[in-house]
Structures are given as C-alpha cells and as structure tokens.
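# Remarks on the overall topology
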Amino acid sequence: MKTMPKFLHANPRDKKNSFLPSLSTLLIIEILCLAAFADVATSKPLPSQFAKLSRSTPSTDDTSACRGTPHKAACQTLLRALNTNNNALPKTSKELFDYSVHFTLSQAHSAVDQLVAVFASQTHQEIDDSTHLAGSGMRDCMELLDDTLHQLSNVANRKNNPTHTHDDVQTWLSAALTNQDTCKESLLENVKKNNLEKLGEFDSMATNLSQFISNSLTLYVSNYGRTGPGGRKLLTDQNNIINDFPSWVSLSERKLLEAPIGEIEAHAVVARDGSGTHTTIAEAIRQVAASLEGEGKNVIFIKAGTYKENLKIPSNQKNVVLVGEGKGKTVIVGSKNVEDGSTTFDSATVGVMGDGFMAKDITIVNSAGPSKHQAVALRVGSDRAVIFRCSLDGYQDTLYTLSKRQFYRETDISGTVDFIFGNSAVVLQDCNIFARGQKNYVTAQGRTSPDQNTGISIQNCKIEGQAVTYLGRPWKEYSRTVILQSFLDGSVDPAGWFPWAGGSSPSSIYYGEYMNSGPGSSTSDRVSWPGYHSSLTSTEAQKFTVSSFIGGNVWLPPTGVAFDSGLGG
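In this text, all values refer to a predicted model and were calculated from it rather than measured experimentally. (Residues numbered from 1 in each chain as written. Predicted model: local features only at pLDDT ≥ 70, side-chain atom pairs only at ≥ 80, totals over all residues. Heavy atoms only, no water.)

### Focus: the overall build of the protein
In terms of helices and strands, the protein carries 12 helices and 28 strands. The burial tally for the protein puts 62% of its 569 residues in the buried class. (Helix = DSSP H or I, 4+ residues; strand = E, 2+ residues; numbered from the N terminus. Buried < 20%, exposed > 50% of the residue type's maximum accessible area, 1.4 Å probe, protein only.)

### A closer look at helix α3 (residues 72–84)
Because each turn of an α-helix spans 3.6 residues, side chains separated by three or four positions end up pointing in the same direction. In a regular helix each residue adds 1.5 Å, so 13 residues correspond to 18 Å; α3 covers 18 Å between its end C-alpha atoms and thus fits that length. Ala74, Cys75, Gln76, Thr77, Leu78, Leu79, Ala81 and Leu82 are the residues of α3 that are buried. (Expected span 1.5 Å × (residues − 1).)

### Some words on the confidence of the model for the protein
When pLDDT is low, close inspection of the predicted coordinates is not appropriate. Here the protein shows a mean pLDDT of 82. Residues at 70 or above account for 77%. Below pLDDT 50 for its whole length, residues 14–29 participates in 41 contacts with residues either more than four positions away or in separate chains. Within the model, pLDDT remains below 50 along residues 37–61, and this stretch shows 52 contacts once partners closer than five positions in the same chain are excluded. (pLDDT = per-residue confidence, 0-100. Contact = heavy atoms within 4.5 Å.)

### Brief notes about the sheet that holds strand β7 (residues 330–334)
Within the open sheet, the 8 strands sit side by side as β4-β7-β10-β13-β16-β19-β22-β25. Their pairing is parallel. Each end of this open sheet is capped by a strand with a single partner; those strands are β4 (305–308) and β25 (487–488). In this sheet, strand β19 (residues 432–435) lies alongside strand β16 (residues 412–415) in parallel orientation, the contact comprising 4 bridges. Looking at the pairing, Ile413 lines up with Ile433 of β19. (Pairing = 2+ DSSP bridges.)

### Quick word on the nonpolar core
Core analysis: the largest hydrophobic core is formed by 54 residues, its most contacted members being Phe97, Leu115, Val155, Leu173 and Phe202. Residue assignment for this core shows that the elements contributing at least two residues are α3, α4 (93–122), α5 (135–156), α6 (166–189) and α7 (200–224). Of all the elements, α4 adds the most residues to this core, at 11 residues. Leaving out residues up to four positions away in the same chain, Val155 has contacts with Phe97, Val101, Val169, Trp172 and Leu173. Counting 52 residues, the second largest nonpolar core, distinct from the first, contains Val320, Leu392, Ile458 and Leu471. (Core = buried A, V, L, I, M, F, W, Y, C linked by side-chain atoms within 4.5 Å.)

Right under this line is the structure:
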C-alpha cells in the first residue's frame, strides 16, 4: 500500500499554500468544547503509542498474527502494548480485530488530549506565524477526531446494537480512516513551508492513528467479508424502480420530502423579515439542537431569501433537515476559500457531520470565484444523508462528499476543478452536472484503501460543460468512480478521464462506464489504463446502484425521495 505522505510537500490538490491569523481565545474555547463532546465512554485507555510506533521494528514472536495487516509495525505495537498491560494475546483473528478497535479508540482519545493540551498552552503565550499549526487546520483535526471517536465507538459497541449490518461497520471504519487523511491535508494547507518541522508531533499522531484504523479495517474485511462492489450482494429485488427514496428513509421522512410547503410541520422557521421563529439559520440550528431529543427528524423550514452564513452541523447533532422554498428561492451563500486562509474542509458554506442529514429545495453557493481555488459549497460527512432537489454552485471543489453513505436526487451541481470529490459511498441520480470552466474535472474520488466501501456512482444524470471536460481524475491510489446510464454532451473529451498531477494513473483505481448516451459517450478513444473499464457488464454496473452500493433499500424509503433501486429497464 502507498505510504501516507509526510509533511514535506504541499497538498497536491492545492494551487497555493496559505496560513491563518493567530489563534484566538474563542477558538481555544471552541476546541475545548469539542473535546468535551468527544469524551465517548470506552474501556480503560491503553498508554499512547504514538512516539513508539515510528521506532518500532518487527519481532519474531508476533509476525504471524500481523501477517495480513497493511501496517505490520502498528500491529506489533498493539501486541506489545497488550503484553505490557498483562492482557492475554488474541487467539484468533476476530479477537485481534476486537483488540485492535479498542486500542485504536484509546489512541484517538490520546490524540484529543494532545490537541487540547496544545491549545491550552497557547493561551499563555503569544502566538505568531510559526505556531500556526493551528488556525482552522488544527480545528479541523479536532472536529474530525470527534467524529472518529463516534465511528470507533460505534464499532466497539456494535454487539450492543443488534440492528447493525456488516456494511455499517465497514462504513464506520472507512470514515474514521478518511478523517485522518483529511486532518493531515488541513494541516498542510495552513502551515508555512519553512515551519513544517513544527508539525512532526502532529504528523506522527495523524499518520499512526491512520495506520491503526487501516489495520482494523483490513482485519474486519478479512474476517467478515466485503460489502458492496467486490463483496456479497446486499439486497435482492435490485432491478425494481421504487417511486420512493431508498429504504433507509422512513415513511414519515418520505412524506416530509415529498410534502408541499404548506404541509410541512417544522420545529423552527427561518425568515429574514422576522416573520418566522428565527432570522438566521445558524440560530435555528442551535435552538433545535438544544431543545429536541430522540430519534425523530429536526425540521428547519427556511423561507425564500438569501442567507449569508457559514453553517456547521457537528457529529453529535443528528437528523437535521433543512427545507427551503425551492432552488434559487432559498439561497445560502458563503465565500470562504483556501486562497484567503481557510482550509478546504473549513471553507464549506454548509458543513455537515451529524448523521441523518437531509436538505430539500435549497441553493447552496460558495461565491469565492475561480481565482480563489478550493472553495466548497457543501461538505457532507453524514451517514445516510439525502440531498433532494437542491442546487450546489461553486467552482473548484463545489461538493465535498467527505465520508459515509450519501444519496443525491434531482440536484444541480456546477463547478470547474474536481467539483465532486471526497471519499464517501455516494450515488447521484437524475442530477444535472454542469462544468463551467475552460478545462474541467468532474470528479476526484479519494479512496485510500482497497478495504474502504467508498466511491462515486453517477446514474441517470446529465453531464454538460462549457469547454473541455473530463469525467474524473484519480486523487488517491484506490480512486473509484463509475458513470451509469447518463447523458454526456460534446464537451466530454474523447479520452474521458485525466491522470493526476505528474501523469499518475495507478493500476489500483477503478473507473467504469455503462450504457451512457450523448455525443461524449463514445469509449473508442478512452484512456487505456489498467483500472479503466470502458464497458461494464450489467452485473458489474449493478454493484454501484442504490441497493448494492449504499444499501439504500434499507434507509431511503422512509425519506420519501424517489430513487432507482437498481439499473431499471
């Protein structure tokens, strides 16, 4: 497996590096609050092994147990920690997986403690540019660590949740691994090149935690099998076209998404003119989070108008539903961007981590413009998220499908460079995808491990462009994207796909096309990469449908959003 990059070079997705102003006391308070939310109950933490891991070497007595893991030194560190703490060594690979998860969870807690300590120490000294680790890069890491603790706790406590599936566990571990990659990228974006030596401790922390998570993911897959593409069939009745959302959406949620505006019962109403319960969306989200409990959806109705806000919905705030009055009517606008000092992660106009998020009839814009480079309109790290009849408008990096399972239906997405990117398991159906620049890359999928159940599936969509457009390029080593039954206009370059910077197109990627139409759909002059599949069979294409790829027959029907379960026809 490709070694995780050290902090020696700029993020290859960056056009330029940038840095933030000094940390404020307000930021430190925010980090300490996040740490409090991240205090997830678990078994007694084992001592941190971050410093030891980089120096550990294989030993003869534990090589066998660690043979199948991608990071053997990390696995051996786990076994030595168990031995040091007088724990019995695992007798089976399933026991090793359980030990690995609990150990990794303890390391994530240690990472939170380290970050909190750094912020606390910086309150007592003047912070100059050389201590910038920080700014939004470190804040991103804390938010991502908070989510990682939730994911690892879900895995550790899975036996207490009889409704969990194998796909759930693989999703949780895949998301935890993606979080660490994203943390490292955020740190890179916000540190001056001549101060990179100050990042050694945090580089080690994020890299080592990634290795522990990656080992846990591999151990899980080797013991329980893969889900989705390359694994077992998740559901039957795969060719059925359901006039509803996938099944993980309940009947009440389905009615909510299909209901006319006048029939929606909202917990809060946002109106700029003061005719609602709140005048800003952020205020409504805070109020709903503080006042509601239980598993139901927390519905916020946003009246027509333009709202200049940057919204964050954290991991602990679940089931938020934002409903507007229609595309172009209810508009949320932000302009944060990497050029002006944000990170890609933090630049999002709307950034969501809490599971069960839904949005309907809203336009979300990042208005930074093409010269500002990375500038996200919507970032989603929510599991079982649904985006229905929305419009996402930006340039570079418009839609950040960060992690977990997501479904987009009848949504317009416009941008230029890598404008649909991330490492979720996502299906986009009946969407209008418009490339608005002079040279465009529609997707940049970020899968870093063959054991992650992630990828981008674009089905029954229209892909159109102003100028030469490529369907995607491989951001990471195991990048996976398919285009199914979609219309491709004449702007799509005959080669179809484009290599990453430096001509990279690793054989481990998976790109495929199936029964597309339009002047740009011919595959006769497509790239000749080993990982490219010019004509998927129906069996291969079926693996990337709603039912197989994201288990949507289980969670989408309750939302009420229409979806195609399989390939249809």
